[in-house]
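The primary structure of each chain is shown beneath.
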Amino acid sequence: TIYGFILMGRILASTKDPILVLTAGVLAGVAMAWSAVVQGQCAAAGCDAFGETGKGFSNYIIVVGLCETVALFILAFTFTAL
């Protein structure tokens, strides 16, 4: 959500073509939402696996962090497009 607010500020200040700005905003929003959904699924699977085995906690955190990195890349690439 915070990345979306940061991106919204950049979109509102953009002087590019409105169709480009709208398209970039919608695509970035959908991509960030999908990243959040996958992050939740990875976190749930990690909790299940840790509950069953009691091992690998740091590996599960790393996988969730990788999902978060996707949202950061979306933010960065959309910034450069705008």
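First things first, this report covers the structure right here in the doc. Computed from a prediction, not measured in an experiment: that's the story for all the values here.

**Observations regarding the overall build of the protein chain**
And then number 1: Counting its secondary structure elements, the protein chain contains three helices and zero strands.
And then number 2: Traced from its N-terminal end to its C-terminal end, the protein chain shows the element sequence α-α-α.
And then number 3: At 16 Å, the protein chain has a C-alpha radius of gyration far larger than the 12 Å of a compact globule built from 82 residues.
And then number 4: The principal-axis extent of the C-alpha atoms belonging to the protein chain is close to 55 × 15 × 15 Å.
And then number 5: The 82 residues of the protein chain split such that 20% are buried.
And then number 6: Long-range pairs, those at least 24 residues apart, make up 75% of the contacts in the protein chain between residues at least 6 apart in sequence.
And then number 7: Carbon and sulfur atoms provide 74% of the accessible area of the protein chain, an area that totals close to 5,600 Å².

**With respect to the packing of helix α1 (residues 2–13) against helix α2 (residues 18–53)**
Angle between the axes and distance between the axes are the two parameters that describe a pair of packed helices.
And then number 1: Closest axis-to-axis distance for the α1/α2 pair is 11 Å, and the angle between their directions is 175°. Accordingly, the angle class assigned to the pair α1 and α2 is roughly antiparallel. Contact residues: Y3, G4, L7 and I11 in α1; V21, G25, A28 and M32 in α2.

**Concerning a nonpolar patch on the surface**
And then number 1: On the surface, F5, M8 and L12 cluster together into a nonpolar patch covering about 360 Å² of accessible area.
And then number 2: Note that M8 resides in helix α1.

**Examining the packing of α1 against helix α3 (residues 57–81)**
And then number 1: Packing of α1 against α3 leaves a shortest axis separation of 10 Å and a crossing angle of 0°. In this view, α1 runs roughly parallel relative to α3, as classed from their interaxial angle. Within the contact between the two elements, α1 uses Y3, I6, L7 and R10 and α3 uses E68, A71, L72, L75, T78 and F79.
And then number 2: Classifying every residue of the contact of α1 with α3 by side-chain character gives seven nonpolar, one polar and two charged.

**A look at the side chain of T78**
And then number 1: Among the secondary structure elements, T78 is positioned in helix α3.
And then number 2: Judged by its relative accessible area of 9%, T78 falls in the buried class.
And then number 3: Discounting chain neighbours no more than four positions away, the residues touching T78 are L7, A24 and A28.

Criteria and thresholds
Residues numbered from 1 in each chain as written. Predicted model: local features only at pLDDT ≥ 70, side-chain atom pairs only at ≥ 80, totals over all residues. Heavy atoms only, no water. Helix = DSSP H or I, 4+ residues; strand = E, 2+ residues; numbered from the N terminus. Rg over C-alpha atoms; globule rule 2.2 N^0.38 Å. Buried < 20%, exposed > 50% of the residue type's maximum accessible area, 1.4 Å probe, protein only. Contact = heavy atoms within 4.5 Å. Areas by Shrake-Rupley, 256 points an atom, 1.4 Å probe, with all protein chains shown as cover. Axes fitted to C-alpha atoms, helices over the stretch in contact; angles between N-to-C directions. Parallel < 35°, antiparallel > 145°, perpendicular 65-115°, else oblique. Patch = residues over 30% accessible without salt bridge, like charges linked within 9 Å, V, L, I, M, F, W, Y side chains within 5 Å. Salt bridge = Lys/Arg side-chain N within 4 Å of Asp/Glu carboxyl O. Nonpolar A, V, L, I, M, F, W, Y, C, P; charged D, E, K, R; others polar.

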